[in-house]
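As a plain string of letters, each chain reads:
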Amino acid sequence: MTTNPPPDRIWHRIPALAVLAGVLAVFALGLTSNVLDRDGLTMIDTPLSNWAIEHRNGTLTPLAITVSYLGGTVAMTIVATLAVLAFAKLGRWREAALVVVTGLGSWALTDGGKHLIDRPRPPVVNHIIAKTNLAYPSGHSLGSIVVISTLALLLIPRIRRPAIRWVAAVAAVTFVAAVGLSRIYLGVHWPTDVLGGWTLGAMWVVLCFLAYRYLNQRQDRAAAGFEYSGASRDAA
């Protein structure tokens, strides 16, 4: 009796992820070009920022400040570090490495993007909290989508109950959206800064997850092939 060889699953879902990464990259390039030329989508910046400022109130303002701090560099670094330590303790080194790589990449994209684009923030008179560095892309938006999306991709599929998976996914999306919107509300970012952060962050996560999935599936294929060869020899 022989055992059928394992199916080649290396490219399972990878084309779709590659297409998504390409779409995000094209959009990010287009948006960045708009920001540099001060045209295109940047036309939404002033109207949306003014609308947010006009709708400030005593309930939303402290909430926006809290959400902004929760999605900031310090908070997201703590979350990512704890996740890396937890994965390492469980011996899940690839998951730990994925969190490290995506986290470091988000910092590089934020810092590099700000210095390359050199976009000033909205007028200081509109700031609720003090910010003096450059605007594009929004570091809060980019960092939060990278950290939260990476952890969501790694952890949510492990949840057995579909209802809880949906709740967790909605919570992750809501948090990332709230962080970005809080930056507009607080007057420290233009809407396209936030959109740029989300787009670049999502693109980076997809690219990293693409590599992570490919390496995992190649290892699975190699292990399955080894088992098949052993079974074939035993049958002979």
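Model, not experiment: these values are computed from the prediction.

Rules behind the numbers
Residues numbered from 1 in each chain as written. Predicted model: local features only at pLDDT ≥ 70, side-chain atom pairs only at ≥ 80, totals over all residues. Heavy atoms only, no water. pLDDT = per-residue confidence, 0-100. Contact = heavy atoms within 4.5 Å. Axes fitted to C-alpha atoms, helices over the stretch in contact; angles between N-to-C directions. Helix = DSSP H or I, 4+ residues; strand = E, 2+ residues; numbered from the N terminus. Parallel < 35°, antiparallel > 145°, perpendicular 65-115°, else oblique. Left-handed = near helix turned anticlockwise from the far one by under 90°. Nonpolar A, V, L, I, M, F, W, Y, C, P; charged D, E, K, R; others polar. Salt bridge = Lys/Arg side-chain N within 4 Å of Asp/Glu carboxyl O. Buried < 20%, exposed > 50% of the residue type's maximum accessible area, 1.4 Å probe, protein only. Polar contact = N/O pair within 3.5 Å; in protein donor to acceptor, adjacent residues only side chain to side chain. Expected span 1.5 Å × (residues − 1).

With respect to the confidence of the model for the protein
For step 1, the next point in the chain: A residue-level look at the protein finds 87% of positions with pLDDT of 70 or above and a mean pLDDT of 89.
For step 2, the next point in the chain: Between residues 1–11, whose pLDDT stays under 50, and residues either more than four places distant or in other chains, the model counts 17 contacts.

Digging into the packing of helix 5 (residues 93–117) against helix 6 (residues 139–155)
For step 1, the next point in the chain: Where helix 5 meets helix 6, the axes come as close as 9 Å, and the angle between the chain directions of the two elements is 165°. Relative to helix 6, the element helix 5 is oriented roughly antiparallel. The handedness of the crossing between helix 5 and helix 6 comes out as right-handed. Contacts between helix 5 and helix 6 involve Glu 95, Leu 98, Val 99, Thr 102, Gly 103, Ser 106, Leu 109, Thr 110 and Lys 114 from the first element and Gly 139, Leu 142, Gly 143, Val 146, Thr 150, Leu 151 and Leu 154 from the second.
For step 2, the next point in the chain: For the contact of helix 5 with helix 6, the residue count by class is seven nonpolar, seven polar and two charged.

What about the pattern of salt bridges?
For step 1, the next point in the chain: If you walk through the whole model with that rule in mind, you get four salt bridges.
For step 2, the next point in the chain: Measuring nitrogen to oxygen at the nearest pair gives 2.6 Å for the salt bridge that ties Arg 119 to Asp 193. Here Asp 193 lies in helix 8 (residues 191–235) and Arg 119 lies in the loop between helix 5 and helix 6, a separation of 74 residues in the sequence. Accessibility classification places Arg 119 together with Asp 193 in one group, the buried group.
For step 3, the next point in the chain: Through salt bridges with shared partners, a single network forms among Asp 45, Arg 119 and Asp 193.

Considering the environment of Val 176
For step 1, the next point in the chain: Structurally, Val 176 can be placed in helix 7 (residues 162–185).
For step 2, the next point in the chain: Exposure remark for Val 176: the relative accessible area of 8% places this residue in the buried category.
For step 3, the next point in the chain: Val 176 sits 30 residues away from Val 146 along the chain, and the two C-alpha atoms are 9.3 Å apart.
For step 4, the next point in the chain: Residue contacts for Val 176: discarding those within four places in its chain leaves Ser 144, Ile 145, Ile 148 and Trp 198.

Description of the side chain of Ser 49
For step 1, the next point in the chain: Position of Ser 49 among the secondary structure elements: in helix 2 (residues 45–54).
For step 2, the next point in the chain: One polar contact links the side chain of Ser 49 to the main-chain carbonyl oxygen of Asp 45, over a distance of 2.9 Å.
For step 3, the next point in the chain: Apart from the residues within four sequence positions on either side, Ser 49 is in contact with Ile 184, His 189, Trp 190 and Pro 191.

A few points about helix 6
Because each turn of an α-helix spans 3.6 residues, side chains separated by three or four positions end up pointing in the same direction.
For step 1, the next point in the chain: The end-to-end C-alpha distance of helix 6 is 24 Å, a good match for the 24 Å that 17 residues give at a rise of 1.5 Å each.
For step 2, the next point in the chain: Burial analysis of helix 6 places 14 of its 17 residues in the buried class, the great majority of the element.

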